[in-house]
Amino acid sequence: MSNPCSGVATKRMTHLSTVLVVCIIAHQALAYGQESRKPPHIVIITADDMGWNDVGFHGSNQIATPNIDALAYDGIILNRHYSAPMCTPSRAALMTGRNPINVGMQHYVIDSDEPWGLGLEQRIMPEYFRAAGYRTHMVGKWHLGFFTEHYIPTSRGFDTHIGYLGPYVDYWSYVSKMNSGTFEGYDLRQNRYVNYAANGTYATDYFTTAAKDIIAQHGKSAEPMLLVLNHLAPHAGNDDDPLQAPQETIDRFAYIKDPRRRTYAAMMSKLDDSVGAVYESLKANGMLDNSIIVFLSDNGGVTRGMHSNTGSNYPFRGQKHSPWEGAVRTAALIWSPLLQDTQRVSNQWFHISDWLPTLASAAGITMGNSTFSDIDGIDQWEALAYGTGNPRQRLMNNLDEIFGYTSYVENGFKYINGTTLDGLNDEWYGEIDPFDKLPGSDEYLTSVMSTGIARAGKLDEKLISYLRQHAKVNCGNAISNKPCNPLVRPCLFDIINDPCEMHNIAGEHPKKLREIRQHLEQYRLRAAKPRNRPHDPEADPTNFGGVWNWWRTDPSTAAKQLHEIPPPSHSLAKDTQLKKLDPSTTPSEIPTDASSPDGKATADAAFSSKIYVISDRDLDR
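Throughout this document, residue positions are counted from 1 along each chain, in the order its sequence is written. Local features in this predicted model are restricted to residues whose pLDDT is 70 or higher, and side-chain atom pairs enter the listing and the counts only when it is 80 or higher, whereas totals over whole chains, interfaces and linings include all residues. Hydrogens and water are ignored here; the side-chain numbers use all heavy atoms of the structure.

Visitor: Looking at this model, I keep getting lost on the overall build of the chain. Mind explaining?
Guide: Secondary structure elements follow DSSP: runs of H or I of four or more residues count as helices, runs of E of two or more count as strands, with numbering from the N terminus. A tally of regular secondary structure across the chain gives 14 helices and 20 strands. Think of it in three bands: residues with accessible area under 20% of the maximum for their type are buried, residues over 50% are exposed, and the middle band is partly exposed, with areas taken using a 1.4 Å probe on protein chains only. With 621 residues in all, the chain has 59% of them scored as buried. Sequence-distant contacts in the chain: of pairs separated by 6 or more residues, those separated by 24 or more amount to 75%. In the structure as shown, the chain presents an accessible area of about 24100 Å², 52% of it carried by carbon and sulfur atoms. Contacts: residue pairs with any heavy atoms within 4.5 Å of one another. Here the open area of atoms and residues is found with the Shrake-Rupley method and a 1.4 Å probe, where only the protein chains shown may cover a residue.

Pasting the structure below:
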């Protein structure tokens, strides 16, 4: 008598075999494509402090970003793209493919008068690509240290750099004033040299022209190009005049009543023009068909407080410099003719450290382990190109033991312990003024459809509306009935079904809470000590003709500070004690025999001395 289940089993085996064959063919096709075609040109465009709700493809009609939106609709919208909550840590992760906690870049940002930077032992993106035959260029913001010349972009793998070295500048004069002191100076470079030619030209336009010139030069050669375009926009400028844009652009947003938000909209509009211009330049120079364009924000917008630019992360909770989604879940997209599955919204987890291994994979560059460092990022190129799987399940947003907070996601559960600034950035900000008479959806669709990007991608209104609806975050019940105060005890959120962090479920899942804390302890033990150093009066630009300049010749002098980093104005309860870190008992990934890429010994390892940390708090407190 025959087995009645044998037919079912045979069908299942046939189905599994078919799936396996398809996967093998897809993998072989991907590998063959990488071997047979020329390496792709790669363009990374980074917005600075841009809010989630400040691009049209997330559903808002307030600010027109038709070029960015068209690129998103014709490519892949990355709806779960995560970063660190501040500029320097995010940029360190982007460049190294490592989590900021593993390279000592997790605490705050680098002020221009501070003698520290991303460790010279770290191999960064342009070094990998230049070794593979790429020409490497950076335009715009660096913000990874410049106290000695060893740390500037052209000393670290970039063939060229046109831009500024510190955190921000005035949009017209390129003067940077540190709000941490009285220092101010001009900050714009062309490679090693001060560039005065830009003075008086709006920064977004100047950087766009520089990018277009680089692209035009590459169009005449057979070399592949890596171009990192780090815009100043829409970051605030100096405190005395933070929001700046051409008046004729501001006037286009007269329907926005708040004058600061109106100027911000103009800053975003100029950024959008830049994205369209870069796309058209690639097309005009015959490079577009073999290009990958990535657009992302380094962290969330700043609605209130220091360096506020009125950026909106709504409906997410929090803003830049906090553990919440408004700080770490950022707008991002990828566009390329090399992607096989496009015009879609991706909900795969993606961390900013994944870009290095992902783009290297697309270029056929083998990463693996190097003599410099391991890579924390995950290669997600195949998952992006073919829409297969979700390679990442954990996201370490930040673990800062000086400010005293942790932000971490694991399998859809988000854990938050502690926060910043005594919780001042912990609410929901940036909701659009209901009295503003915004353009309608028809006007929005018309603006997107009028772009060259939309015409080339043959986008239609039905597709745009569909993708836009699926990229919009819906928070459901807007009343928080399970509040969270991470200064009292850790909080846990179902971040898939509760993306706005309104319902703390820590009490319902004590086992999951303990499990996550065990995992976090492993992260903490492996973390490198923060590299931060105190302000140095020798950095005063008046010592260099009014220009921000490297002021030391030997990076080892950074380790000879006489003063320790003072305890920060952190947000923990007063009875939480600071403790001095014991280097002999605390593991660190900063090597004791650190070497620079040229093989010469450096003193970066000495950064491990005299750093304060904060002890982890009791889970049941």
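Visitor: Looking at this structure, I do not really get the pairing of strand 16 (residues 405–410). What am I missing?
Guide: Here is the key point about a regular strand: its side chains alternate between the two faces of the sheet. Among the six residues of strand 16, six are classified as buried, and the element is accordingly described as predominantly covered. The alternating pattern of strand 16 places Y405, S407 and V409 on one face and T406, Y408 and E410 on the opposite face, and all of these are buried. Strands are labelled as partners when DSSP assigns at least two bridges between them. Both strand 15 (residues 394–400) and strand 16 contribute to a ladder of six bridges, which runs antiparallel. Paired with L395 across the two strands is V409, which belongs to strand 16. As consecutive antiparallel partners, strand 15 and strand 16 are separated by four residues, and within that stretch G404 has a phi angle of approximately 85°, a positive value. Examined bridge by bridge, strand 16 and strand 17 (residues 413–417) share five bridges and lie antiparallel to one another. Counterpart to T406 in the pairing with strand 17 is N417.

Visitor: Quick question: what am I supposed to make of the pattern of salt bridges here?
Guide: Opposite charge on two side chains makes pairing possible when the charged atoms of those side chains draw close. Any carboxyl oxygen of Asp or Glu that lies within 4 Å of a side-chain nitrogen of Lys or Arg is treated as forming a salt bridge with it. One pass over the full model with this rule turns up 22 salt bridges. Of the charged contacts, one joins D159 and R135 as a salt bridge, the two residues approaching to 3.6 Å between their closest N and O atoms. Separated by 24 residues along the polypeptide, D159 in the loop between strand 4 (135–140) and strand 5 (160–163) and R135 in strand 4 bring together distant segments of the chain. Among the residues examined, R135 registers a relative accessible area of 32% and is labelled partly exposed.

Visitor: Got a minute to help me understand the nonpolar core in this structure?
Guide: Taken as a class, soluble globular proteins show a tendency for nonpolar side chains to be buried jointly. Residues belong to a common nonpolar core when they are buried Ala, Val, Leu, Ile, Met, Phe, Trp, Tyr or Cys residues joined through side-chain atoms within 4.5 Å. Judged by nonpolar contacts, the single largest core of 127 residues is most densely connected at F129, F207 and W355. Considering each element in turn, this core owes the most residues, ten residues, to helix 7 (residues 259–284). Once you skip the residues sitting within four places of it in the chain, F207 turns out to touch V139, G140, I162, G163, Y164, Y174, L188, L229, H231 and L232. Counting residues in hydrophobic clusters, the runner-up holds 14 residues, among them M396, Y408, L492 and L513.

Visitor: I keep staring at the pairing of strand 1 (residues 41–47) and nothing clicks. Help me out?
Guide: Of all seven residues in strand 1, seven are buried; the element is thus mostly enclosed. Every second residue of strand 1 is oriented toward a common face, with H41, V43, I45 and A47 on one face and I42, I44 and T46 on the other, all of them buried. Relative to strand 11 (residues 291–297), strand 1 runs parallel, the two being bridged by seven bridges. Among the inter-strand pairings, V43 is bridged to a residue of strand 11, identified as I293.

Visitor: Would you mind showing me how to read the state of the cysteines here?
Guide: Between two cysteines, a covalent bond joining their sulfur atoms is known as a disulfide. In plain terms, two cysteine sulfur atoms within 2.5 Å form what is called a disulfide here. Evaluation of the coordinates by the stated rule reveals two disulfides. With a sulfur-sulfur separation of 1.5 Å, C475 is cross-linked through a disulfide to C500. Here C500 lies in the loop between strand 18 (491–494) and helix 14 (510–526) and C475 lies in the loop between helix 13 (461–471) and strand 18, a separation of 25 residues in the sequence. Accessibility classification places C475 together with C500 in one group, the buried group. For the chain, numbering the cysteines in disulfides from first to last along the sequence yields the connectivity 1-4, 2-3.

Visitor: So what exactly am I meant to see when it comes to the sheet that holds strand 1 here?
Guide: Sheet strands line up and pair through hydrogen bonds in the backbone, either parallel or antiparallel. Reading across from one edge, 9-8-5-4-10-1-11-12-2-13 is the order of the ten strands in this open sheet, with mixed pairing throughout. Strands at the two margins of the open sheet, each flanked by one partner only, are strand 9 (193–194) and strand 13 (344–346). Two elements, strand 11 and strand 12 (residues 332–335), share four bridges in a ladder whose sense is antiparallel. Note on strand 12: the bridge partner recorded for I293 is W335. Only the stretch in contact is used when a helix axis is fitted, and all axes are lines through C-alpha atoms; the angle between N-to-C directions ranges over 0 to 180 degrees. Lying on the sheet, helix 2 (residues 66–74) is in contact with strand 2 (76–78), strand 11 and strand 12; it crosses strand 12 at an angle near 65°.

Visitor: Teacher, can you tell me more about the environment of N549 here?
Guide: Mapped onto the secondary structure, N549 falls in the loop between helix 14 and strand 19 (578–580). The spacing of N549 and F147 is 402 residues in sequence and 7.5 Å in space, taken between C-alpha atoms. Excluding residues within four positions of it along the chain, N549 makes contact with F146, R189 and F544. Think of a polar contact as two N or O atoms within 3.5 Å of one another; within protein, one of them needs to be a possible hydrogen donor and the other a possible acceptor, and neighboring residues in sequence only count if both atoms come from side chains. Separated by 2.8 Å, the side chains of N549 and R189 make a polar contact.

Visitor: What am I meant to see in the sheet that holds strand 18 here?
Guide: Taken together, the four strands give an open sheet; going across it, the order is 15-16-17-18, and neighbouring strands pair in antiparallel fashion. At either margin of the open sheet sits one strand with a lone partner, and together these are strand 15 and strand 18. The mean inter-strand angle of the sheet, taken between neighbouring strand axes irrespective of direction, is 10°. Together, strand 15, strand 16, strand 17 and strand 18 form the strand contacts of helix 14, whose direction differs from that of strand 16 by roughly 115°.

Visitor: Where do I start with the packing of helix 11 (residues 441–449) against helix 13 in this structure?
Guide: Packed helix pairs are specified by the crossing angle of their axes together with the interaxial distance, meaning the distance between the axes. Where helix 11 contacts helix 13, the two axes come as close as 11 Å, and the packing angle between them is 110°. In terms of orientation, helix 11 and helix 13 fall into the roughly perpendicular class. The crossing of helix 11 and helix 13 is right-handed. For the pair formed by helix 11 and helix 13, the contact residues are S441, Y444, L445, V448 and M449 on the first element and E461, I464, S465 and R468 on the second. Here the nonpolar group is Ala, Val, Leu, Ile, Met, Phe, Trp, Tyr, Cys and Pro; Asp, Glu, Lys and Arg are the charged ones; every other residue, Gly included, is treated as polar. A per-class count over the contact of helix 11 with helix 13 returns five nonpolar, two polar and two charged. Small angles under 35 degrees read as roughly parallel and large ones over 145 as roughly antiparallel, with 65 to 115 read as roughly perpendicular and the rest as oblique. Should the near helix be turned anticlockwise from the far one by less than a right angle, the crossing is termed left-handed; should it be turned clockwise, right-handed.

Visitor: Explain the confidence of the model for the chain here, please?
Guide: A low pLDDT score tells you not to read the predicted coordinates there in detail. Scored from 0 to 100, pLDDT records how confident the predictor is in each individual residue. With 81% of its residues at a pLDDT of 70 or more, the chain shows a mean pLDDT of 85. This model gives residues 1–26 a pLDDT under 50, and the stretch forms one contact once residues within four places in sequence are excluded. Low pLDDT, under 50, characterises residues 559–621; the predicted model gives this stretch 134 contacts beyond four residues in sequence or across chains.

Visitor: Would you mind going over the environment of S90 with me for this structure?
Guide: Here S90 lies in helix 3 (residues 87–96). Sequence spacing of S90 and N398 is 308 residues, and the spatial spacing of their C-alpha atoms is 10.0 Å. Contact partners of S90, with chain neighbours within four places excluded, come to S83, A84, D298 and I352. A polar side-chain atom of S90 sits 2.7 Å from the main-chain carbonyl oxygen of D298.

Visitor: Just to check I follow, could you spell out the side chain of T136 for this structure?
Guide: By secondary structure assignment, the location of T136 is in strand 4. Within polar-contact distance, the side chain of T136 engages the backbone oxygen of G157 at 2.6 Å.

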